[in-house]
Amino acid sequence: MGRKQKSKQGVPPTLEEVRGAGKKPEMKAEKKRKPAEETAALQPRKKQISQEKKSLFEESESEPENDDVEAASDEFEQADEFSEVEDDDDAAEAQDEFVQDGEDKEESEEDSVFDSDEESRAKPMFSDDSGDEDDLEVANLEAMSRKIDEEAEKEEMEAEEELHTNIHPTAPAILPPTVDGGMVDGQPISAFTQDLSQIQLRIQEINRVLNDFKNLCEPGRSRAEYVDQLLNDISVYYGYSKFLAEKLFELFPVSEAIEFFEANELPRPVTIRTNTLKTQRRELAQALINRGVNLEPIGKWSKVGLQVFESQVPIGATPEYLAGHYMLQAASSFLPVMALAPQPSERILDMSSAPGGKVTYVAALQKNTGVIFANDANKARTKALSANIHRLGVRNAIVCNYDGRKFPNDVLGGFDRVLLDAPCSGTGVIYKDQSVKTNKSERDFDTLSHLQRQLLLSAIDSVNADSKTGGYIVYSTCSITVDEDEAVIQYALKKRPNVKLVSTGLEFGREGFVRYREKRFHPSLKLTRRYYPHVHNIDGFFVAKLKKMSDKIPQTTDGADEAEEEHEDAEEESVNASSENDNLTFNDEADKAIIEENRRKWLKSKGYKVSKKN
């Protein structure tokens, strides 16, 4: 063994001694570590205390680092057999190094010390016990999970705040203040309504309120005020006249009406119809795909329609189009022909056939048999009609130019089937013609509905009720207003009791109105079909199919009563007009002279020689 060191280390205290007399180890440390205390006297009081603690646990836990020390086999005899340091210089140097190391690693050493007497003290950061490592790992995972949950909750709260920030604070007042002298809060009404972003938000808010009016309405405000404000906003935002916006708005619930107005701003899908007189749909689709056209079948309801999504070539100028293999045609135009269901060898009249999409479809279904009279009242449109008939290879069609109201008396009758796609306001295809939004008035709808009623009566009279395969009339419009659809059919049912409504045979579409506001229609009108752009993604359309039961028009009491009512209404109107003009007086001599002068001018314009006035 080496030389004994001058200040011999004492035996480390036992666990009982530490518990019994907690201050004795500190006194021992003071006696045996005097050189260390003298060196640390120059250091702050805090460092001195930490050195004392380290020296205490250094004696009890650390092993001597000198090469001359031998390790004892027994744990309690280890302190007696410690080797001595070679000389005093080495001991002092070791003590200085201990003090230096204590100053540099003060915090880390304090953290690594564990006192078994203090149960509340934290466990060491690293331990040889695997159980401690597992506990530490579990604690870390729990902390990480808790942190992730807190971050997710914070993000959710921030998103909710952002939502409220983006909508509610910037949302305009749902209803404006009371208008006084054309001013709203000192500003013109136009300044209140022209901010489109604010109008859009107000439309959404009013829609929300009207859907739950009882709970969300402002105190003292009626539903009519909300509806009136909504109509004003729709007129400004979508560009409709107030009259047309209200007429279309009344057809739907509030939410659906806004969807309809929104759908009218978007175009419908591009569709083509396969001409089965020259090709089949599969062959046509393959040929167009090879040319870079992205397409697919329209749906199960059509066996000849294809919807085009994208094309690298002009879809209206391909070799297949020029060869007549297909026709650019809206999907809604398939529906009247499908409802008509023409049979081979029949005589069919298309009263308004230009530009030829429907009449060529009829010819394809007939396989170029029978006879089709393709009529159109507009002579200029018959040029495009003739061109499409020739391009698609139709050989059983006769193009004619007559006013449809002259059938059958002045032209021809006795047809097996008649197709009437009547002239209309075009409220189902507003995306094609935006001018409809502003240029339609109540007078236009009255004029159109009157024309449609006359055409439908002529179509009914042109059909042969004794036809073995036919006797059907299909009435259709590209309008969704009741005045042009159900009201016209109701009028025809009253004027022609020898016809009745039958099923159209179409697989989809909404039923026609039986009740609309104050109007009540025949229950069979539920057999008609309505189509909307926001529901079916096709043009707005109406289709009705009638069956003529007899060529004779029976005289019914209902018809007599109706005629009597019309006569009474006419008399009442004449009475009202005469009462309004009771106070007016006329000069018969002056009127006679004016009438004679106008008659002479009219005869002269016709080329007659008129003698000079005497």
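All values derive from a computational prediction rather than experimental measurement.

## Focus: the overall build of the chain
Counting its secondary structure elements, the chain contains 24 helices and 17 strands. Sequence-distant contacts in the chain: of pairs separated by 6 or more residues, those separated by 24 or more amount to 70%. Per element, the accessible surface of the chain, about 37200 Å² overall, is 49% carbon and sulfur.

## What about the nonpolar core?
In terms of nonpolar packing, the biggest core is built from 59 residues, with Leu-248, Phe-261, Leu-456 and Ile-489 touching the most fellow members. When residues of this core are assigned to their parent elements, the largest contribution, six residues, is made by helix 20 (residues 442-461). Two domains share this core, each providing at least three of its residues, namely domain 1 (196-265) and domain 3 (331-548). Look past the residues within four positions of Phe-261 in its chain and what remains in contact with it is Ile-234, Tyr-238, Tyr-240, Ala-245, Leu-248 and Phe-249. Within the second largest apolar cluster, 29 residues are counted, among which are Val-304, Met-327, Leu-340 and Tyr-531.

## Let's talk about a negative patch on the surface
There is a patch of like negative charges on the surface, built from Asp-149, Glu-150, Glu-151, Glu-153, Glu-155, Glu-156, Glu-158, Glu-160 and Glu-161. As for its placement among the helices and strands, Glu-158 is situated in helix 7 (residues 130-166). Among the residues examined, Glu-158 registers a relative accessible area of 43% and is labelled partly exposed.

## Describing the packing of helix 20 against helix 21 (residues 486-495)
Between helix 20 and helix 21, the shortest axis-to-axis distance is 10 Å and the interhelical angle comes to 45°. When the axes of helix 20 and helix 21 are compared, the pair comes out oblique. Crossing hand, helix 20 versus helix 21: right-handed. Residues Ser-449, Gln-452, Arg-453, Leu-456, Leu-457 and Ile-460 of helix 20 lie in contact with helix 21, whose contacting residues are Ala-487, Val-488, Ile-489, Tyr-491, Ala-492 and Lys-495. By residue class, the composition of the contact of helix 20 with helix 21 is eight nonpolar, two polar and two charged.

## Remarks on the environment of Pro-554
Counting through the fold element by element, Pro-554 comes out in the loop between strand 17 (541-548) and helix 23 (557-580). Filtering out sequence-adjacent residues up to four positions away, Pro-554 remains in contact with Pro-497 and Asn-498.

## What about the pattern of salt bridges?
Under the defined criterion, the tally for this structure stands at 19 salt bridges. Here Asp-228 and Lys-242 are joined by a salt bridge, their closest N and O atoms 3.3 Å apart. Taken together, the residues Asp-228 in helix 11 (residues 223-238) and Lys-242 in helix 12 (residues 242-249) connect sequence positions 14 residues apart. For Asp-228, a relative accessible area of 37% gives the class partly exposed. By relative accessible area, which is 33% here, Lys-242 ends up partly exposed. Measuring nitrogen to oxygen at the nearest pair gives 3.4 Å for the salt bridge that ties Lys-548 to Asp-551. Its relative accessible area of 3% is what places Lys-548 among the buried residues. Taking the relative accessible area as the measure of exposure, Asp-551 reaches 38% and is therefore partly exposed. One connected set of salt bridges, linked through shared partners, spans Glu-218, Arg-221 and Glu-225.

## Describing the packing of aromatic side chains
Under the criterion given, the structure shown has 17 aromatic pairs. Taken together, a centroid distance of 6.2 Å and an interplanar angle of 50° make the contact between Trp-301 and Phe-334 tilted. A residue pair is termed long-range when its members are at least 10 positions apart, and Trp-301 in the loop between strand 4 (293-297) and strand 5 (305-311) and Phe-334 in helix 16 (residues 334-340) qualify at 33 residues. Comparing Trp-301 with Phe-334, the two get one shared label, buried. Note on Tyr-475 and Phe-542: the rings are 6.5 Å apart at their centroids and 70° apart in plane angle, and the pair reads as edge-to-face. Of this pair, Tyr-475 sits in strand 11 (residues 472-477) while Phe-542 is found in strand 17, placing the two residues 67 residues apart along the sequence.

## Brief notes about the UniProt feature "active site" (unreviewed entry) in the chain
The UniProt feature table records "active site" (unreviewed entry) at Cys-478. Along the polypeptide, Cys-478 turns up in the loop between strand 11 and helix 21. Dropping the residues within four chain positions of it, Cys-478 is found in contact with Cys-424, Gly-426, Thr-427, Gly-428, Val-429, Gly-540 and Phe-541.

Criteria and thresholds
- Chains are numbered independently. Their residues run from 1 in the order of the written sequence.
- The model is predicted, so local features are restricted to residues of pLDDT at least 70 and side-chain atom pairs to those at 80 or more, both for listing and for counting; the totals for chains, interfaces and linings are taken over all residues.
- Think of the side-chain values as coming from all heavy atoms in the structure, minus any hydrogens and water.
- Put simply, DSSP marks the helices as runs of H or I at least four residues long and the strands as runs of E at least two long, and each gets a number from the N terminus on.
- Note on contacts: a residue pair qualifies if any of its non-hydrogen atoms lie within 4.5 Å across the two residues.
- Accessibility throughout is a Shrake-Rupley quantity obtained with a 1.4 Å probe, and a residue counts as covered only by protein chains that appear here.
- Put simply, a nonpolar core is a bunch of buried Ala, Val, Leu, Ile, Met, Phe, Trp, Tyr and Cys residues held in one set by side-chain atoms that sit within 4.5 Å of each other.
- Per-residue accessibility, obtained with a 1.4 Å probe over protein chains only, is compared with the maximum for each type, and a residue is labelled buried under 20%, exposed over 50%, and partly exposed between these values.
- An automatic or database domain assignment supplies the residue ranges for each domain.
- Patch members must show over 30% relative accessible area and no salt bridge, and they are joined within 9 Å when carrying like charges or within 5 Å when they are nonpolar side chains of Val, Leu, Ile, Met, Phe, Trp or Tyr.
- Salt bridge, as used here, is a side-chain nitrogen of Lys or Arg placed within 4 Å of a carboxyl oxygen of Asp or Glu.
- Counted as positive: Lys and Arg. Counted as negative: Asp and Glu. His and the chain ends are not counted at all.
- Each charge is placed at NZ for Lys, CZ for Arg, CG for Asp and CD for Glu.
- All axes here are fitted lines through C-alpha atoms, helices being fitted over the stretch that makes contact, and every angle between N-to-C directions spans 0 to 180 degrees.
- Should an angle fall under 35 degrees it is taken as roughly parallel, and over 145 as roughly antiparallel, whereas 65 to 115 is taken as roughly perpendicular and any remaining angle as oblique.
- Two helices cross in a left-handed way if the nearer one is turned anticlockwise from the farther one by less than a right angle. They cross in a right-handed way if the turn is clockwise.
- Only Asp, Glu, Lys and Arg are considered charged in this grouping, and only Ala, Val, Leu, Ile, Met, Phe, Trp, Tyr, Cys and Pro are considered nonpolar; every other residue, Gly among them, is considered polar.
- Centre distance within 6.5 Å is the pairing criterion for rings of Phe, Tyr and Trp, where only the six-membered ring of Trp is used; planes under 30 degrees apart are then read as stacked, over 60 as edge-to-face, and the remainder as tilted.
- UniProt positions are given in the numbering used here, feature names are shortened, and annotations may be inferred rather than shown by experiment.

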